[in-house]
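Spelled out, the chains give:
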Amino acid sequence: MMENKHLKENRFVELRALEDGNMVLEGYALTFENPATHNGYTEVIDRGALANTDMSDVCMKYNHEDTYMILARTRNNSLQLKVDDVGLWFRAELIDTTSNVDVYKSVQSRLIDKCSFAFTVDREEYDYDTDTRRILSIDKLFDVSVVDVPFYDDTMVVARSKDSFIKEKEQKQAQEVEFNKKKLNLLLSL
């Protein structure tokens, strides 16, 4: 097992744009247990790799570029991150800037449909027989990025509109109300 907390790395995943009045991007910046192989080298993100990760100030960028304007950020809640069974899900609401509109339209038209993440490793293992690196623990997450060319092909991003988001939310709430009515009727019949 090797440890290297100082080497910042980037990995790529899929994304999509969802249509509504606002420019919203959603997707997975990373997925667990999905090997990515490039030039004979394989890397896997362990299911528990984000358990202790510092995600206190994560930016959304385009191709990890520090020279490109930040698209969204956790610090102002325009970027939301959630670890689930699949990996690291994100939702970014972009403000109306020229660069954000360009990125949003590129995602919406599927010119850009993948994501990446920049991070430092806390713990990792190597299997030298298969040339596989397993990332066991990520120390810090610096950014999630929409990218042209990903390292991990199983990431995604979509563009989403506020109207479609509100409709989905209303449908989900109506389904929950209906479920609770049925549950109450069953309890009353006992």
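Up top is the structure these notes are about.
Bear in mind that the values here come from a model prediction, so they are computed numbers and not experimental data. (Residues numbered from 1 in each chain as written. Predicted model: local features only at pLDDT ≥ 70, side-chain atom pairs only at ≥ 80, totals over all residues. Heavy atoms only, no water.)

Visitor: What is the right way to look at the environment of Leu94 in this model?
Guide: If you trace the backbone, Leu94 turns up in strand β8 (residues 87-94). Overall, Leu94 belongs to the buried group, its relative accessible area being 6%. Placed 70 residues apart in sequence, Leu94 and Val24 show a C-alpha to C-alpha distance of 6.1 Å. When near neighbours in sequence (up to four residues on either side) are disregarded, Leu94 contacts Met23, Leu25, Leu71, Ala72, Asn100 and Tyr104. (Helix = DSSP H or I, 4+ residues; strand = E, 2+ residues; numbered from the N terminus. Buried < 20%, exposed > 50% of the residue type's maximum accessible area, 1.4 Å probe, protein only. Contact = heavy atoms within 4.5 Å.)

Visitor: Sorry, what's going on with the pattern of salt bridges here?
Guide: Oppositely charged side chains are able to pair whenever their charged atoms sit close together. Counted by the stated rule, this structure contains 10 salt bridges. Across the pair Asp57 and Arg75 runs a salt bridge, and its minimum N-O distance is 3.2 Å. Remark: Arg75 occurs in the loop between β6 (72-73) and β7 (79-83) and Asp57 occurs in the loop between β4 (41-45) and β5 (59-62); sequence separation between them is 18 residues. Residue classification places Arg75 among the exposed residues on the basis of a relative accessible area of 58%. Each of Glu26, Arg91 and Glu93 takes part in salt bridges that share partners, so that together they form one network. (Salt bridge = Lys/Arg side-chain N within 4 Å of Asp/Glu carboxyl O.)

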